[in-house]
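If you want the building blocks of each chain, they are given just below.
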Amino acid sequence: MTERLLVLVRHGQSEWNLKNLFTGWRDPDLTALGVEEALKAGTRLKAEGYQFDIAFTSNLSRAQKTLTLALGELGQSDLPVVKDIALNERDYGDLSGLNKDDARARWGEEQVHVWRRSYDVPPPGGESLKDTVARTLPYYVTEILPKVLQGNRVLVAAHGNSLRALIMVLEKHTPESIMKRELATGAPVIYRLKADSTVESVVDLAG
Ligand SMILES: O=C(O)[C@H](O)COP(=O)(O)O
């Protein structure tokens, strides 16, 4: 039977997650905790018996490092890895590098929440989740999904919002319900797809 396994994992804690800064396309490294979370993602997947045929990641170091560390724990350091800018984090535009609490003090709690979690309101100079879906979904459909449907076991290491963009489609969220779908750092979300590419089962190792 064709397995159609797709595992998504958000990178471990980054230096800028720790400093509470909007990150987007900026490229901070993982913290020591982030390294631990990435290793734990690999050991948890290994403990549950998962192995992969191909992995995808973004052009940003925090996701690439998370993938490398997880693959090391899985004993799969030589797995083919495809890196693409399409899986980068949502571009936070002018907010990039600003402290999230300072932004709340300046623009108000409500406005900052809208920028961070609404579907179609972009932060100044940046991408909304809708914009992020517009760049990640075509990549998913043309590059990732065909591999899954062919029976390859696929691991994707990327970012909170580039993965929420894919999850919106996979889990059929509405613009309202996606606002509440959070993704923990380093916690794999395991999907089995049906032959028609819809989701048969999902297990979020965060919850
Ligand atoms: O880019 C960032 O700042 C984070 O990775 C995700 O930020 P968010 O929690 O504001 O979506």
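Treat the numbers as computed from the prediction; the structure is a model and nothing was measured.

1. A closer look at the environment of Leu30
Here Leu30 is to be found in the loop between helix H1 (15-18) and helix H2 (32-47). Taking the C-alpha atoms as reference points, Leu30 and Glu15, separated by 15 residues in sequence, lie 5.7 Å from one another. With sequence-adjacent residues up to four places away left out, Leu30 is seen in contact with Gly12, Gln13, Ser14, Glu15, Val35, Arg62, Lys65, Thr66 and Leu69.

2. Considering the sheet that holds strand S6 (residues 199-204)
Pairing is mixed in the open sheet, where six strands are placed in the order S3-S2-S4-S1-S5-S6. Looking along the sheet, the strands with just one partner apiece sit at the ends: strand S3 (81-83) and S6. With direction set aside, neighbouring strand axes in the sheet form an average angle of 20°. Here helix H6 (residues 129-149) sits on the sheet and contacts strand S1 (5-10), strand S2 (54-57), S3, strand S4 (154-158) and strand S5 (189-193); the angle it forms with S2, its principal contact strand, is near 160°. Contacting S1, S4, S5 and S6, helix H7 (residues 160-170) runs over the sheet at an angle of about 145° to S1.

3. Observations concerning the packing of H2 against helix H3 (residues 61-73)
Angle between the axes and distance between the axes are the two parameters that describe a pair of packed helices. Running from amino to carboxyl end, H2 crosses H3 at an angle of 40°, the nearest separation of the two axes being 7 Å. Taken together, the axis directions place H2 and H3 in an arrangement best described as oblique. For the element pair H2 and H3, the recorded crossing hand is right-handed. When H2 is examined against H3, the residues Val35, Ala38, Leu39, Gly42, Thr43 and Lys46 are found in contact with a partner set consisting of Thr66, Leu69, Ala70 and Glu73. Looking at the contact of H2 with H3 residue by residue, the class counts come to five nonpolar, three polar and two charged.

4. A look at the site of the ligand
Around the ligand sit Arg10, Asn17, Leu21, Phe22, Thr23, Gly24, Glu89, Tyr92, Lys100, Arg116, Arg117 and Asn161, and that is every residue in its neighbourhood. For the ligand, an oxygen atom lies 2.8 Å from a polar atom in the side chain of Asn161. A total of 320 Å² of accessible area belongs to the ligand in isolation, and the protein chains cover 95% of it.

5. Thoughts on the nonpolar core
Core analysis: the largest hydrophobic core is formed by 22 residues, its most contacted members being Leu6, Ile144 and Val156. Leaving out residues up to four positions away in the same chain, Val156 has contacts with Leu6, Val7, Leu8, Val9, Phe56, Leu87, Ile144 and Leu163. Core analysis: the second largest hydrophobic core is formed by 16 residues, Leu5, Val7, Leu79 and Ile190 among them.

6. Topic: the UniProt feature "site: Transition state stabilizer" (unreviewed entry) in the protein
Listed under "site: Transition state stabilizer" (unreviewed entry) in the UniProt record, and renumbered for this structure, are His159. Residue position: His159 is located in the loop between S4 and H7. Overall, His159 belongs to the buried group, its relative accessible area being 0%.

7. Brief notes about the pairing of S4
With respect to burial, S4 is a largely interior element, five of its five residues being buried. Across the two faces of S4 the burial is the same, with Val154, Val156 and Ala158 and Leu155 and Ala157 all buried. Inspection of the sheet shows S1 paired to S4 by five bridges, in the parallel sense. For Val7, the partnering residue across the bridge sits in S4 and is Leu155. The pairing of S2 with S4 spans four bridges and is classified as parallel. The partner of Ala55 across the bridge, within S4, is Leu155.

8. Some details on the packing of aromatic side chains
If you walk through the whole model with that rule in mind, you get three aromatic pairs. Their ring planes at 80° and their centres at 6.2 Å tell us that Phe56 and Tyr139 sit as a pair that is edge-to-face. Of this pair, Phe56 sits in strand S2 while Tyr139 sits in helix H6, and the two are 83 residues apart along the sequence. Like Tyr139, Phe56 is buried. Geometrically, the ring pair formed by Trp107 and Trp115 is edge-to-face, given 5.3 Å between the ring centres and 75° between the ring planes. A cation sits over an aromatic face here: Arg90 above Tyr92, 4.5 Å from the ring centre.

So, how was this worked out
- Residues numbered from 1 in each chain as written.
- Predicted model: local features only at pLDDT ≥ 70, side-chain atom pairs only at ≥ 80, totals over all residues.
- Heavy atoms only, no water.
- Helix = DSSP H or I, 4+ residues; strand = E, 2+ residues; numbered from the N terminus.
- Contact = heavy atoms within 4.5 Å.
- Pairing = 2+ DSSP bridges.
- Axes fitted to C-alpha atoms, helices over the stretch in contact; angles between N-to-C directions.
- Parallel < 35°, antiparallel > 145°, perpendicular 65-115°, else oblique.
- Left-handed = near helix turned anticlockwise from the far one by under 90°.
- Nonpolar A, V, L, I, M, F, W, Y, C, P; charged D, E, K, R; others polar.
- Near = heavy atom within 4 Å.
- Polar contact = N/O pair within 3.5 Å; in protein donor to acceptor, adjacent residues only side chain to side chain.
- Areas by Shrake-Rupley, 256 points an atom, 1.4 Å probe, with all protein chains shown as cover.
- Core = buried A, V, L, I, M, F, W, Y, C linked by side-chain atoms within 4.5 Å.
- Buried < 20%, exposed > 50% of the residue type's maximum accessible area, 1.4 Å probe, protein only.
- UniProt positions renumbered as here; feature names shortened; annotations may be inferred.
- Phe/Tyr/Trp six-rings, centres within 6.5 Å; stacked < 30°, edge-to-face > 60°.
- Lys NZ or Arg CZ within 6 Å of the ring centre and 35° of its normal.

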